[in-house]
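# Structural description and commentary
As a plain string of letters, each chain reads:
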Amino acid sequence: MKKILFALCTLFVFIFAFTSCDSAESTSEGYIQGLYTIDRNFVRPELKDTLYYKVKNIGEHGLQDGDRAYLTLDYEIDNYTGMAEYYIKSVEGIIPVSGLTAAADIDTEIYSSPIIGLRKVLINTEVASAMWLWKNFQNISIDYRSNGAEGDFKLSPVKLEGDTLCFALNAKIEDGDKYITKLLSFDISSAANMLPDEEKDKLVALDSIYTKITTLWYDEYNDTTRIAEPFGGKYKNCFKN
């Protein structure tokens, strides 16, 4: 059964690459961890356009094409030929992907809960971030408090400002004191069609875009709720014609 990615922040923070050498066998062995997309018998690291690893045992872990999952990969490299073999050692979590919701379809009186912060996760062995766009997936890693139940989160495209695609994140969270970290991932493929025609035309003409997500944020230090607008980086425009 697929494991749902939930409260794995501690693991993400300490993801790293490990290598050991065996001189007698003339091989290098170790493991790497990160976020990968399953593509037939290959896994493709997040934020890497051309890099991929052929993995021999994907079928043993119930993974399907298109799944995005945190994986631990064991590898063995022949030090003479440079040939490498990769195996999935463990699946730390599969990331559920949600669709977008039109802003007009959200009851903001019900979806009015604040988050309490963003949390960086290590995406691959080189990059850590709390918010990023990869292909058509908008990702944001958040902290919030609840009674133990997972919150319900909806992402809505609201407008285009220059080269920045603006979203609103609305949440319905049951009150409580349990601290939860969750990586949210949304397929934003339909975002352009949710914008006015003029903004859609401008969006699909851009080579690159930024993203911004407006959300309610509870400032625990000052005991107040405010509006936060975290920005993502600059990314290739997945909507370009």
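Residues numbered from 1 in each chain as written. Predicted model: local features only at pLDDT ≥ 70, side-chain atom pairs only at ≥ 80, totals over all residues. Heavy atoms only, no water.

Evaluated as defined, the whole model comprises 5 aromatic pairs. Between Tyr53 and Tyr86 the ring centres are 4.5 Å apart and the planes differ by 40 degrees, which places this aromatic pair in the tilted class. Here Tyr53 is found in strand E4 (residues 53-54), whereas its partner Tyr86 is found in strand E6 (residues 84-94), with 33 residues between them in sequence. Here the two residues Tyr53 and Tyr86 agree in accessibility, since each one is buried. Here the aromatic residues Tyr36, Tyr53, Tyr75 and Tyr86 are joined through ring pairs into a cluster of three or more. Sitting above the plane of the Tyr31 ring, Lys89 keeps its charged end 5.8 Å from the centroid. For the cation-ring pair, Lys135 lies above Trp134, with the distance from its terminal atom to the ring centre recorded as 4.6 Å. (Phe/Tyr/Trp six-rings, centres within 6.5 Å; stacked < 30°, edge-to-face > 60°. Helix = DSSP H or I, 4+ residues; strand = E, 2+ residues; numbered from the N terminus. Buried < 20%, exposed > 50% of the residue type's maximum accessible area, 1.4 Å probe, protein only. Lys NZ or Arg CZ within 6 Å of the ring centre and 35° of its normal.)

Counted according to the given criterion, the structure contains 12 salt bridges. The residue Lys48 makes a salt bridge to Glu126 at a minimum N-O spacing of 2.7 Å. Here the residue Lys48 occupies a position in the loop between strand E3 (42-45) and E4, and Glu126 occupies one in the loop between strand E8 (121-122) and strand E9 (128-129), the gap between them amounting to 78 residues. Across the pair Glu161 and Lys159 runs a salt bridge, and its minimum N-O distance is 2.8 Å. Take Glu161: its relative accessible area is 34%, and that puts it in the partly exposed class. (Salt bridge = Lys/Arg side-chain N within 4 Å of Asp/Glu carboxyl O.)

Another point: unusual backbone geometry. Comment: phi is negative for the bulk of residues other than glycine, and the bulk of peptide bonds are trans. In the Ramachandran plot, Arg40 falls in the positive-phi region, its phi being about 60 degrees despite a non-glycine side chain. Position of Arg40 relative to the elements: it lies in the loop between strand E2 (27-39) and E3. Even without being glycine, Asp223 reaches a positive phi, approximately 50 degrees.

Looking now at the nonpolar core. Phe153, Ile188 and Phe239 are the most contacted members of the largest nonpolar core, which has 36 residues in total. Contact partners of Phe239, with chain neighbours within four places excluded, come to Leu165, Ile188, Ser189, Ala191, Ala192, Leu203, Val204 and Ile209. Core analysis: the second largest hydrophobic core is formed by 16 residues, Tyr36, Ala69, Leu73 and Val91 among them. (Core = buried A, V, L, I, M, F, W, Y, C linked by side-chain atoms within 4.5 Å. Contact = heavy atoms within 4.5 Å.)

Before going further, it helps to spend a moment on the pairing of E3. Every second residue of E3 is oriented toward a common face, the buried set being Val43 and Pro45 and the non-buried set Phe42 and Arg44. When E2 meets E3, the two strands line up antiparallel, connected through 4 bridges. Residue pairing in the sheet places Ile38 in a bridge with Val43 of E3. The antiparallel pairing of E2 with E3 creates a hairpin that spans 2 residues between the two strands, and Arg40 there sits at a positive phi of about 60 degrees. Direction of pairing for E3 relative to E4: antiparallel, over a ladder of 2 bridges. Bridged to Phe42 within E4 is Lys54. (Pairing = 2+ DSSP bridges.)

Among the 13 residues of E2, 10 are classified as buried, and the element is accordingly described as predominantly covered. As paired strands, E2 and strand E5 (residues 68-78) are joined by 11 bridges and run antiparallel to one another. The residue of E5 that forms the bridge with Gly34 is Leu71.

For Tyr86, a relative accessible area of 14% gives the class buried. The sequence separation of Tyr86 and Leu73 amounts to 13 residues, and the corresponding C-alpha distance is 6.4 Å. Beyond its immediate sequence surroundings of up to four residues, Tyr86 is in contact with Ile32, Tyr53, Lys54, Val55, Lys56, Asp74 and Tyr75.

Take the layout of surface pockets next. The calculated volume of the largest pocket comes to roughly 210 Å³. Looking at the largest pocket, the residues that line it are Leu47, Asp49, Leu133, Trp134, Lys135, Tyr235, Lys236, Asn237 and Cys238. Where the lining of the largest pocket is concerned, the elements lending two or more residues are strand E10 (131-134) and strand E17 (235-236). (1 Å grid on protein atoms, 1.4 Å probe; cavity = no way out; pocket = protein on both sides within 12 Å on 5 of 7 lines; lining within 4 Å. Points joined across faces, edges and corners; volume = space filled by probe spheres on them.)

Let's shift gears to the side chain of Asn139. Residue placement: Asn139 occurs in strand E11 (residues 137-146). Only 3.0 Å separates the side chain of Asn139 from the side chain of Arg68, close enough to count as a polar contact. If near-sequence neighbours (up to four positions away) are discounted, Asn139 is found in contact with Glu46, Arg68, Ala130, Met131, Trp132, Trp134, Leu183, Leu184 and Ser185. (Polar contact = N/O pair within 3.5 Å; in protein donor to acceptor, adjacent residues only side chain to side chain.)

You can see Asp143 is positioned in strand E11. Overall, Asp143 belongs to the buried group, its relative accessible area being 3%. A distance of 2.6 Å separates polar atoms of two side chains, one belonging to Asp143 and the other to Thr181. Setting aside anything within four residues of it in sequence, one finds Asp143 in contact with Ile115, Ile116, Gly117, Leu118, Arg119, Tyr179, Ile180 and Thr181.

All quantities given are derived from atomic positions and should not be read as evidence of function.
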